[in-house]
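Architecture at a glance
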Amino acid sequence: MDISWPGGSGLDALAFLWMLVLWFVYGRFADKLPPDNVTPTNLNQMMHQLRRLWMRRMLDRPERILDSSLTGHSVSSTTFFASTSMLIIAGLLGVLGRAADAHAVIQSFGFTVTSSEILFELKVLGLIGLFMIGFYKFTWALRQFNFACTLIGAAPLPPVEIGARDRFADHAARVLSLAVVSFNGGIRAYYFAMAWLAWFIHPAAFALSTSAVVLVLLKRQVNSRSQASVAEYYEATGR
């Protein structure tokens, strides 16, 4: 079967499909929140369980200024990335408006593969699409962090009955974790955008860069020093 790509080769189409497969498979692995009675398998899942512990301990404190400050820091970081995404999109739209000139500059480099102008425009459009995904992920994360702030503000004051404490911790931690999942999705769009840049050099370089990005992300989830430290503390809590 002939796999074609507008203005490009079958190799371009295969590299693009490979990126979509890795995006989907890694996203399913990294973003899935397990049931509370299931042992976590990666860093994100352990952090979800530690947020449950955080929310339970918060209910023992009459003052929640520290908890609000920690959540507010996440809101500030998310806002920064959402604003940055808009600036990048604006810059890429400017490149798209002068696509002929930008294409000529790229083609003048000795290490880039020869490609058509229409394929160049599609590559720029793809970058815009990635950063648009990042923007929507960040803005949705921002809203969810605000939901979490509301839950913290509405949390019952101590003493809290154990059953009520666990119910609140489960719901508040899940909202926080869903916000982090959205934030991580936005950051992931940045990582894949960096790999996408290699497509301007060669489709094979694009496929290799995408694979390298996923391997780096996977290593950080299951075999990094941060993961090991979190896992050691998680096990020490008796979860």
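Residues numbered from 1 in each chain as written. Predicted model: local features only at pLDDT ≥ 70, side-chain atom pairs only at ≥ 80, totals over all residues. Heavy atoms only, no water.

1. Let's talk about the overall build of the chain
- Scanning the chain for helices and strands turns up eight helices and zero strands.
- Written out in order from the N terminus, the α and β elements of the chain read α-α-α-α-α-α-α-α.
- Taking the principal axes of its C-alpha atoms as reference, the chain extends roughly 70 × 30 × 30 Å.
- Within the chain, the fraction of its 239 residues that count as buried is 41%.
- Put simply, of all contacts in the chain between residues at least 6 apart along the chain, 77% involve residues at least 24 apart. (Helix = DSSP H or I, 4+ residues; strand = E, 2+ residues; numbered from the N terminus. Buried < 20%, exposed > 50% of the residue type's maximum accessible area, 1.4 Å probe, protein only. Contact = heavy atoms within 4.5 Å.)

2. Brief notes about the side chain of Asn 42
- Locating Asn 42 in the fold gives a position in the loop between α1 (10–31) and α2 (43–58).
- For Asn 42, a relative accessible area of 0% puts it in the buried group.
- Once residues lying within four places of it in the same chain are set aside, the contact partners of Asn 42 are Phe 29, Ala 30, Gln 221 and Val 222.

3. Things to note about the pattern of salt bridges
- If you walk through the whole model with that rule in mind, you get five salt bridges.
- The partner of Arg 165 in a salt bridge is Asp 60, and the shortest N-O contact between them spans 2.9 Å. In this pair, Arg 165 is assigned in helix α6 (residues 162–197) and Asp 60 in the loop between α2 and α3 (65–97), connecting sequence segments 105 residues apart.
- Residue Arg 98 pairs with Asp 101 through a salt bridge whose shortest N-O separation is 2.3 Å.
- Relative accessible area serves as the criterion here: at 39%, Asp 101 is assigned to the partly exposed category. (Salt bridge = Lys/Arg side-chain N within 4 Å of Asp/Glu carboxyl O.)

4. What to know about the packing of α1 against helix α7 (residues 203–222)
- The geometry of α1 relative to α7 is characterised by a closest axis approach of 8 Å and an angle of 10° between their N-to-C directions. By the angle between their axes, α1 is roughly parallel relative to α7. Taking contact as the criterion, the partners of Leu 11, Asp 12, Ala 15, Phe 16, Trp 18, Met 19, Leu 22, Tyr 26 and Phe 29 in α1 are, on α7, Pro 203, Ala 204, Phe 206, Ala 207, Thr 210, Ser 211, Val 214, Leu 217, Leu 218, Gln 221 and Val 222.
- Of the residues assigned to the contact of α1 with α7, the class counts are 16 nonpolar, three polar and one charged. (Axes fitted to C-alpha atoms, helices over the stretch in contact; angles between N-to-C directions. Parallel < 35°, antiparallel > 145°, perpendicular 65-115°, else oblique. Nonpolar A, V, L, I, M, F, W, Y, C, P; charged D, E, K, R; others polar.)

5. Remarks on a nonpolar patch on the surface
- Together, Leu 11, Leu 14, Leu 17 and Leu 20 give the surface a local cluster of nonpolar side chains, amounting to about 340 Å² of exposed area.
- Tracing the sequence through the fold places Leu 17 in helix α1.
- Here Leu 17 falls in the partly exposed class, since its relative accessible area comes to 44%. (Patch = residues over 30% accessible without salt bridge, like charges linked within 9 Å, V, L, I, M, F, W, Y side chains within 5 Å. Areas by Shrake-Rupley, 256 points an atom, 1.4 Å probe, with all protein chains shown as cover.)

6. Quick look at the nonpolar core
- Of all hydrophobic cores here, the largest spans 50 residues; its most connected members are Met 55 and Trp 196.
- Elements with a minimum of two residues in this core: α1, α2, α3, α4 (99–107), α5 (117–153), α6 and α7.
- Broken down by element, the residue count for this core peaks at 14 residues, all from α6.
- Formed by seven residues, the second largest nonpolar core is a distinct cluster that contains Met 46, Leu 50, Ala 231 and Tyr 234. (Core = buried A, V, L, I, M, F, W, Y, C linked by side-chain atoms within 4.5 Å.)

7. As for the packing of α5 against α6
- Between α5 and α6, whose axes approach to 8 Å, the crossing angle comes to 165°. One finds that α5 runs roughly antiparallel with respect to α6. Crossing geometry of α5 relative to α6 is assigned as left-handed.
- Of the residues belonging to the contact of α5 with α6, the class tally is 26 nonpolar, seven polar and two charged. (Left-handed = near helix turned anticlockwise from the far one by under 90°.)

8. Topic: the environment of Asn 44
- One can find Asn 44 in helix α2.
- For Asn 44, a relative accessible area of 17% translates into the label buried.
- At a separation of 3.0 Å, a polar atom in the side chain of Asn 44 contacts the main-chain carbonyl oxygen of Ala 30. (Polar contact = N/O pair within 3.5 Å; in protein donor to acceptor, adjacent residues only side chain to side chain.)

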